[in-house]
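Observations on the model geometry
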Amino acid sequence: MSEQDILSGLAAIVNEVAGVPASSVTSEKSFVDDLDIDSLSMVEVVMAAEDKFGVSIPDAEVKNLKTVGDAVAYIAKASA
Amino acid sequence: MTTPSIVITGLGATTPVGGDVPSTWAAWLAGKSGVVSLTEEWATELPARIAGRIAVEPSEVMDRVEMRKLDRSQQLALIASREAWADSGLTEVDPTRLAVVVATGVGGVTSLLEQYDILRERGASRVSPHTVPMLMPNGPAAVVGLELGARAGVHTPVSACASGAEAIAFGARLIREGKCDVVVAGGTEGCIHPLTLAAFAAMRALSTRNDDPTRASRPYDLDRDGFVMGEGAGLLVMESASHAAARGARIYVEYAGSGITADAHHIAQPDPEGRGATSAMQQALVDAGLSASDIVHVNAHATSTPQGDIAEAGAIRQALGSAADRAIVTATKSMTGHLLGGAGAVESIAAILAITNRLVPPTINLERQDPAINLDVASGAPRPLPVGPIAALNNSFGFGGHNVALAFRSVG
């Protein structure tokens, strides 16, 4: 799966969870500061991403996923 | 220090007969039932397959993203609070003098059960992180308090089907003791689910008139066979009279007083002598400084159960004495079904609007009044109330033996 595919998949999840238009979910955006995703909603994003991309994202990693780009890179690596 | 008087300056509701207060009131005057057949597949095997479903789904008036983190009881409470707040005309309020009291009978039970299904089907890792905020009974009060920025306290009295009324009495106390200028108070319930329906049916508490939903809730009628579960919310903006006067607020009625007692009789059966209910009404009169002859209207708890309706009717007779002859009684549950924790608040709105409009909505489905009910029950058409100063009672009782009577008085 390409990073572009992961980004658009993640954008759909963020749209579902937080209502942010998918087109606004770009790599440099911070989940907390830009996309209005609090710690509970971040758990939802992670759960949905695990299901969608067939990866496991441990809690210890989630704190490193500050931006959408961080998450795309992690998922790309984990699913490689 | 004198005890502040309390006035009602805003009303909000979403009910089985209307998505807001004006439509609910119009439906009540028209004698319209909000009880429907439950057509979902899960309902087919239930003994009771009817309910008072909300007239306007939250999805029609609420943002999808906002809704998904809220239990249905929370959605309904927020809808009612937005209407009540807008209706009050309040804008700037000192947040340290603003409190919220929103009761519920069972809280976020449908969210709890949905997540339990997910736990069993998909495992612990797929249980929603929003589960706890959605299931906690104080959740509806909390979401309303968050939206309004209320910092003087957020509270949730829980007393089954008396909860909504107890919240209003609690809110009044906060104003009377000088802690708050404004309190948003009431109740909510959104728990129509196969488990709750099966559980109430197991108590033989529900009507099983499944083939005739609009005629199933029939308080005081000889053929009543139990209550119909409903959902909905009602919230009042309660305000100290001086605060309301200072801003020139429109005032519906004065909150006059409350009486709260417990039966100490049985966990789910009403005391057949209605002692607790009687003393709740008597205490409300004393608290309000009213005499029985001031009461021209009672919005009764009257759920349409064979025993409960009789016990309350006897209690109204005992509490008001001969003045009961002059009180027009109605049971709006005949139209909405029983909103459980929302009932006391929604029916307080009915009593308040009856005073302001000098009109009592009819009790529908009253075809043959039970001779054991010695009350003047409004039926057929709305009944006018007299001119001049008047007062009304709203009764709410709950499993556990809770009795709450609220008194409201006309102004001006």
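Since this is a predicted model, take the numbers as computed values, not measurements.

This part takes up the domain arrangement of chain B. Residues and elements named next belong to chain B. With domains assigned, chain B is organised as domain 1 (6-246) and domain 2 (257-409). Computed over C-alpha atoms only, the centres of domain 1 and domain 2 are separated by 20 Å. Across the contact, 64 residues belong to domain 1 and 62 residues belong to domain 2. Of the roughly 4,800 Å² buried between domain 1 and domain 2, counting both surfaces, carbon and sulfur atoms make up 68%. Per-residue buried area on domain 1 facing domain 2 is highest for Trp28, Tyr220 and Arg224; these three make up 20% of the total on that side. The interface formed by domain 1 and domain 2 holds 6 salt bridges in total. Considering every element that reaches the side of domain 1 that touches domain 2, the biggest residue donor is helix 7 (residues 163-176), with 8 residues. For the side of domain 1 that touches domain 2, the class distribution of residues is 32 nonpolar, 20 polar and 12 charged.

For the rest of this paragraph, the subject is the side chain of Asn210(B). All names here are of chain B. Counting through the fold element by element, Asn210 comes out in the loop between helix 8 (194-202) and strand 7 (232-240). Judged by relative accessible area, Asn210 falls into the buried class, the value being 14%. Of the polar contacts made by the side chain of Asn210, one reaches the backbone nitrogen of Arg49; its length is 2.6 Å. Setting aside its immediate chain neighbours within four residues, Asn210 contacts Ser37, Pro47, Ala48, Arg49 and Ile50.

As a further point, take the sheet that holds strand 12 (residues 376-377) of chain B. Residue and element names in this part refer to chain B. Read from one edge to the other, the open sheet built from 11 strands follows the order 5-4-6-7-1-8-15-14-9-10-12, with strand pairing classed as mixed. On the outer flanks of this sheet lie strand 5 (154-155) and strand 12, each paired with one strand and no other. As paired elements, strand 1 (residues 6-14) and strand 8 (residues 253-262) share 3 bridges and run antiparallel to each other. Paired with Val7 across the bridge in strand 8 is Glu254. Its contacts with the sheet place helix 3 (residues 72-88) against strand 1, strand 4 (98-104), strand 6 (182-189) and strand 7, and it is angled at close to 135° to strand 1. Against the sheet, helix 7 touches strand 1, strand 4, strand 5, strand 6, strand 7, strand 8, strand 14 (391-398) and strand 15 (402-409), its axis set at about 115° to strand 8.

Residue-level contacts link 13 residues of chain A with 12 residues of chain B. Taken over both partners, the interface formed by chain A and chain B buries close to 1,000 Å², and the fraction arising from carbon and sulfur atoms is 43%. Contact with chain B buries surface across chain A, with Leu40(A), Glu44(A) and Met47(A) losing the most and accounting together for 45% of the total. On inspection of chain A and its partner chain B, the count reaches 6 salt bridges. Where Glu44(A) meets Arg68(B), a salt bridge forms, and the shortest distance between an N and an O atom there is 3.0 Å. Taken together, the connections running from chain A to chain B amount to 10 residue pairs in polar contact (both at pLDDT 80 or more). Among the secondary structure elements, those contributing two or more residues to the side of chain A that touches chain B are helix 1 (3-18) and helix 3 (39-53) of chain A. In terms of residue count, the dominant contributor to the side of chain A that touches chain B is helix 3 of chain A (7 residues).

To continue, consider the packing of aromatic side chains. All names here are of chain B. In total, this model carries 4 aromatic pairs over all chains according to the counting rule given. A centroid spacing of 6.5 Å and a plane angle of 90° characterise the contact between Trp25 and Trp28, whose relative ring orientation is edge-to-face. Of this pair, Trp25 and Trp28 both sit in helix 1 (residues 21-30), separated by 3 residues, roughly a single helical turn. Pair check on accessibility: Trp25 and Trp28 agree, each one buried. Pairing Phe200 with Phe227 gives two aromatic rings, centres 5.4 Å apart and planes at 70°, and the pair type is edge-to-face. Of this pair, Phe200 sits in helix 8 while Phe227 sits in the loop between helix 8 and strand 7, and the two are 27 residues apart along the sequence. One aromatic cluster is present, built from ring pairs that chain together Phe200, Phe227 and Phe399.

For the rest of this paragraph, the subject is helix 1 of chain B. All names here are of chain B. Along helix 1, the residues classified as buried are Val21, Thr24, Trp25, Ala27 and Trp28. When helix 1 is viewed along its axis, its buried side chains cluster within an angular range of 160° and face the same direction. Away from its buried face, by an angle of more than 90 degrees, helix 1 presents the exposed residues Pro22 and Ala30. Contact partners of the buried residues in helix 1: strand 1, helix 3, helix 12 (333-336), helix 13 (343-357) and strand 11 (359-360). The first or second residue beyond helix 1 is Gly31, which carries a positive phi of 70°.

This part covers the pairing of strand 7 of chain B. Residue and element names in this part refer to chain B. In terms of burial, strand 7 is a largely internal element, 9 of the 9 residues being buried. Neither face of strand 7 is left uncovered, since the one carrying Gly232, Gly234, Leu236, Met238 and Ser240 and the one carrying Ala233, Leu235, Val237 and Glu239 both have all their residues buried. Alignment of strand 1 against strand 7, held across 8 bridges, turns out to be antiparallel. When the bridges of strand 7 are listed, Ile8 appears paired with Met238. The pairing of strand 6 with strand 7 spans 8 bridges and is classified as antiparallel. Within strand 7, the residue paired with Gly186 across the bridge is Leu235.

Each value, and the rule that gives it
- Residues numbered from 1 in each chain as written.
- Chains lettered and ligands numbered in written order.
- Predicted model: local features only at pLDDT ≥ 70, side-chain atom pairs only at ≥ 80, totals over all residues.
- Heavy atoms only, no water.
- Domains from an automatic or database assignment.
- Contact = heavy atoms within 4.5 Å.
- Buried area = accessible area lost by both parts, 1.4 Å probe.
- Salt bridge = Lys/Arg side-chain N within 4 Å of Asp/Glu carboxyl O.
- Helix = DSSP H or I, 4+ residues; strand = E, 2+ residues; numbered from the N terminus.
- Nonpolar A, V, L, I, M, F, W, Y, C, P; charged D, E, K, R; others polar.
- Buried < 20%, exposed > 50% of the residue type's maximum accessible area, 1.4 Å probe, protein only.
- Polar contact = N/O pair within 3.5 Å; in protein donor to acceptor, adjacent residues only side chain to side chain.
- Pairing = 2+ DSSP bridges.
- Axes fitted to C-alpha atoms, helices over the stretch in contact; angles between N-to-C directions.
- Phe/Tyr/Trp six-rings, centres within 6.5 Å; stacked < 30°, edge-to-face > 60°.
- Arc of directions from axis to C-beta.

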